[in-house]
Amino acid sequence: MDAFESERAPLPRNMIENSMFEEEPDVVDLAKESTSYPIDSDDVVYEPRSSRLLVRGLGENDLDEDEEDYESSARLLGMSFMNRSSNQRSAASSYTRHQPSGLCSMPSAKTTVVGVLLLVVVVSIIMVIYFVPGCTFTRTGCQKANSTMERIYPISTSDELFPWTELRLPSSVHPVHYDISLHPDLKNMTFKGSVSIKVKVLHETKIIVLHSSDMNITKATFQDEVVHVLEYKPWQQIAIKFPEDLKKGLYVLNINYTANFSNSYDGFYNSSYVDINGTKRVLAATQFEPLAARKAFPCFDEPAFKSTFRIKITRESKYISLSNMPKVKTTDFKNGLQEDEFKESDTMSTYLVAFIVAEFSSYSRNVSDTTVSVYAIPDKKEQVHYALDSAEKLLKFYNNFFEIDYPLSKLDLVAIPDFLAGAMENWGLITFRETTLLVGNNSSPLDKQLVTSVIAHELAHQWFGNLVTMRWWNDLWLNEGFATYMQYMSIKYVFPDLDIGTEFLNVRFKALAKDALNSSHPVSTVVSTPEQVEEMFDSVSYEKGASILLMLNATLTNGEFRKGVIEYLLKYNRSNTESEDLWNSLSQVSKQNLSVSEMMNTWTVHKGFPLVTVKRNGTQVTLSQEHFLLNAENSTDYSSLWHVPLTYVNDSCSVLSSCKQVFHLKDKTAILKLPGEVKWLKFNLRNDGFYIVHYDMEGWKALIDALNGDINVLPYEDRAALINNIFALSRLGRVSFRQVLNLMDYIRNENETAPLTEALFQLDQIYRLLDKRSELNLVSRMTSYIDSHFGSLMESQSWELETSVSKITLRSALLEMACSLNRLNCTTQAKQLFDQWVHSNKTSPIPSDLMRTVFKVAAQTDDGWDVLLNTYKHSIYDSEKHKTLEGLASTQDVRKILWIMKKSLDGSEIQTQDFPLVIHTICRNFAGYLYAWDFVKENWEKITQKFPLGSFPIQSIIMSTTSQFSTKAHLMEAQNFFSSLGAKGSQMRIVQEATETIKQNMRWMENNLSTLRYWL
Ligand SMILES: [Zn+2]
């Protein structure tokens, strides 16, 4: 089995920004769908993965390593495209070659040559040259220096040579300032734009290359002279060639263009909703991270090309417009239109630019010289107050914590009715899903926890990401890991009632689960293609990133972590960084004899994490580390060693933080001498470290005995971690399932939320796998097991309003499990609550945290389902809508399952933003999961038009549909489907993860079915 997959589903964990994709989503502020990057066969003429020669050009010794990494390295190193072997010539048909003079007797095809006729001649000559003996373009041919470094220029849309051969832009020209004027037409769904870019030429060059996607350029001038613009669509680049070198200095490039609104969720896109009176309203908003600013205006769309921006927007008078900066003036035009002009921005990356044209209402407040406003559609205006209060408190916290005040004079938080990501940290104009910003009267404390978390995350980005930005997407974790860590840290201080500690603990367990697979990747990893950039928005960047920062903070003392962070922000204010820069700042302030850089690099450059094994003999403890890898088959990374700041306590002192002792394990094995005899040792105190610990038989037994004696010998985080670790070890084959059950026996005495929900989560994973295999006997025995260990707790839960987040978290998990197992008491109570709610015309409230459980029960009857559908369509409370949808998607009626999938994909009656959630919910149940799999296969083309390849929604859809397969037949079916995708997704990392997960499930079943039959 693989309990180690994305959905920690039955537990109402709180979530972060992109919470909407699943119940317990992984990640945060994803960018949105993109119909761009049409990597279809025509465009992939030089498809990197097909070219071994490209790899060889870098050095024979590199061949044993991952091909993809080399391709990326080549790009990052600025390598030109090189020749490929003859069997790839046909694939290169849309390229011609530029031959450095004097090489191989090849006639030179000057890059300035234009026109189809000449092109044909050049291609013909090349074809001839290819077959000249001794002068092929392979490694063995043309032995002269650099002969393997041929440039292969792509052909632009006008059939001329496109003068640039890399995905990354040249560094010779930098933008300094953009003046952008936009006129969106919300009736015809088009917009007109003009951009004036002041550029600085740093090195003499004959070309300027920048990004542009899906726009029609009507006029371009350079220094007021009309210039010809070349476009290479597959890379979304445009270029201008000059006959002479441009000297160093400042120049101005003007481009006028028109474009359609993006019909996906990225770029400048239109969104609509139906207001309370049934009138359809439209609005336009942006989502640029990571690669979609280029869809709204031509730009140098890489995070290191920071610049200032001045934006003007023309609109009808019924709309307002918003952008990153405050508005400085509005001009009335004779035609009744108005133009808003915004103040010039701070220096920032293109992906942080944003603008909105909509009919929104807001409330504002002044917070430490910043005007903070929360915007929503007028019908939901009164749901913004909680967000405004939270934003105020968090902004004050961050201003104080970072010792650098938020630098802009305004901060807008805007709820967008149709928005794919959870939220997006655009500087000064943060956009959210409605569910992650609005809080209605009937929202539960868990809904508030979600809203607070997302606001805390996005506000942290205003420093980490906006003020200081990663140089390139390979270090995305510097943005996301840090914002994720700060969100938990700030909430712990500012909102202690929200019990965020338990949530963060779950997040770390989830990160461990993902990172235990061979398909994982290092925190900081090479990326170059658009799909690879999209794939970085995953659990590793966000959750593992946050986890290793926690570990570091727990290792440093005396506030050194904060001091180092402040140092880093001051030093790199308004510029770009790499991981090493952060480590160096932290090393400088550390008084310990500890190289932060040396320690942390072991956590960012290797994928995975260590399994630490503890063997005790009297006072001598032998410690060893190895890579915790669930599926060692095909592993490429056996030899990693981590610098583990190993913490431990023993029976004589275990609960107070002063009991903590630290041992730095850097080698494969080490000996720890204890000062005296102990009964037991527990390592990784409070699970602050990112590793799993295994004890010898006596070690486990002593811990289990201690817990059976008194659960309070260890803090609740440690108890939850023991449960998490022993299930993981059983997956790895290090402990038998019998040992797992031995530990689980203590759970009858457990009363804390974190260990109980972790235990339920783990058991639920196994239950669902067994259910999907129709192991009916074992399913029923698992039900009895859960009943005997959790039954009395389930019965004792109240169905009344409850305010403690911890109690709510626990009861939602328990009752959702109870009702899904059809416990009579649970389903009866749920039906009763639902009936009261319906008969009172929804005035007799269902506690919001119980809505999902109640709705899932109610959705099983036709009448109940109809009521829920009606509620979904008309509710103005988004958390209620969200739970209603989960109810609808949990129906066992196949016709309804098919209907809801279809409607959510086409966006007609269910919002497309919720399609991943619909699939996830359907796949939890036996009735629909195979239908969902078929639906995804049949509609792959359409799905990838809505959501970009590699993006989080795609990751979620693939894992939801395949992660519960555990048979050879399903493995083969999944593999066949994935390989049939070709350029439409077969190379995605999530495909490897899915395949590996199925294999892991198969192996677990093989090894444990008999044990389960015997012991359960
Ligand atoms: Zn983020």
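Since this is a predicted model, take the numbers as computed values, not measurements.

Bringing the overall build of the protein chain into the picture now. In terms of regular secondary structure, the protein chain is built from 29 helices and 31 strands. Relative to its full complement of 1016 residues, the protein chain shows a buried share of 65%. Taking the contacts inside the protein chain whose residues are at least 6 apart along the sequence as the reference set, 73% of them involve residues at least 24 apart. Summed over its atoms, the accessible surface of the protein chain is roughly 35600 Å², and 49% of this surface lies on carbon and sulfur atoms.

It is worth spelling out the sheet that holds strand β8 (residues 230-232) at this point. Reading across the sheet, the three strands line up as β5-β9-β8 and stay open at both edges, with antiparallel pairing between neighbours. Strands with a single pairing partner mark the edges of an open sheet, and in this sheet they are β5 (205-211) and β8. Neighbour to neighbour, the strand axes of the sheet diverge by 30° on average, direction disregarded.

The end-to-end C-alpha distance of helix α10 (residues 560-571) is 16 Å, a good match for the 16 Å that twelve residues give at a rise of 1.5 Å each. Check the buried side of α10 and you find it contacts α4 (385-402), α6 (476-494), α9 (539-555), β24 (576-577) and α11 (579-589).

Bringing unusual backbone geometry into the picture now. Cis geometry marks the peptide bond from Glu 289 to Pro 290, where omega comes out at 0°. Mapped onto the elements of the fold, Pro 290 is located in the loop between β12 (280-287) and β13 (308-315). For Asn 841, which is not glycine, the phi dihedral falls at a positive 55°. Within the fold, Asn 841 resides in the loop between α19 (824-839) and α20 (851-858). Despite not being glycine, Lys 842 has its phi angle at roughly 65°, a positive value. Tracing the sequence through the fold places Lys 842 in the loop between α19 and α20. Judged by relative accessible area, Lys 842 falls into the partly exposed class, the value being 35%.

This brings us to the state of the cysteines. Any covalent bond linking the sulfur atoms of two cysteines counts as a disulfide. As enumerated under the stated definition, the model contains two disulfides in all. The partner cysteine of Cys 653 in its disulfide is Cys 659, sulfur to sulfur 1.8 Å. The sign of the -80° torsion about the S-S bond sets the Cys 653-Cys 659 disulfide as left-handed. Residue Cys 653 is classed as partly exposed on the basis of its relative accessible area, which comes to 31%. Bridging Cys 819 to Cys 826, the disulfide has an S-S length of 2.0 Å. Linking Cys 819 and Cys 826, the disulfide has an S-S dihedral of approximately -100° and is accordingly described as left-handed.

Tallying each qualifying case throughout the model produces 49 salt bridges. For Lys 510, the salt bridge identified is with Glu 543, shortest N-O distance 3.7 Å. Of this pair, Lys 510 sits in helix α7 (residues 500-515) while Glu 543 is found in helix α9, placing the two residues 33 residues apart along the sequence. Residue Glu 543 is classed as buried on the basis of its relative accessible area, which comes to 0%. A salt bridge links Arg 823 to Glu 795; the nearest nitrogen and oxygen atoms lie 2.5 Å apart. You can see Arg 823 sitting in the loop between α18 (805-820) and α19 and its partner Glu 795 sitting in helix α17 (residues 776-796), a full 28 residues away along the chain. According to the relative accessible area criterion, Arg 823 is buried, its value standing at 17%. The network of salt bridges with shared partners includes Arg 365, Asp 389, Glu 392 and Lys 396.

What counts as what
Residues numbered from 1 in each chain as written. Predicted model: local features only at pLDDT ≥ 70, side-chain atom pairs only at ≥ 80, totals over all residues. Heavy atoms only, no water. Helix = DSSP H or I, 4+ residues; strand = E, 2+ residues; numbered from the N terminus. Buried < 20%, exposed > 50% of the residue type's maximum accessible area, 1.4 Å probe, protein only. Contact = heavy atoms within 4.5 Å. Areas by Shrake-Rupley, 256 points an atom, 1.4 Å probe, with all protein chains shown as cover. Pairing = 2+ DSSP bridges. Axes fitted to C-alpha atoms, helices over the stretch in contact; angles between N-to-C directions. Expected span 1.5 Å × (residues − 1). Disulfide = S-S within 2.5 Å. Salt bridge = Lys/Arg side-chain N within 4 Å of Asp/Glu carboxyl O.

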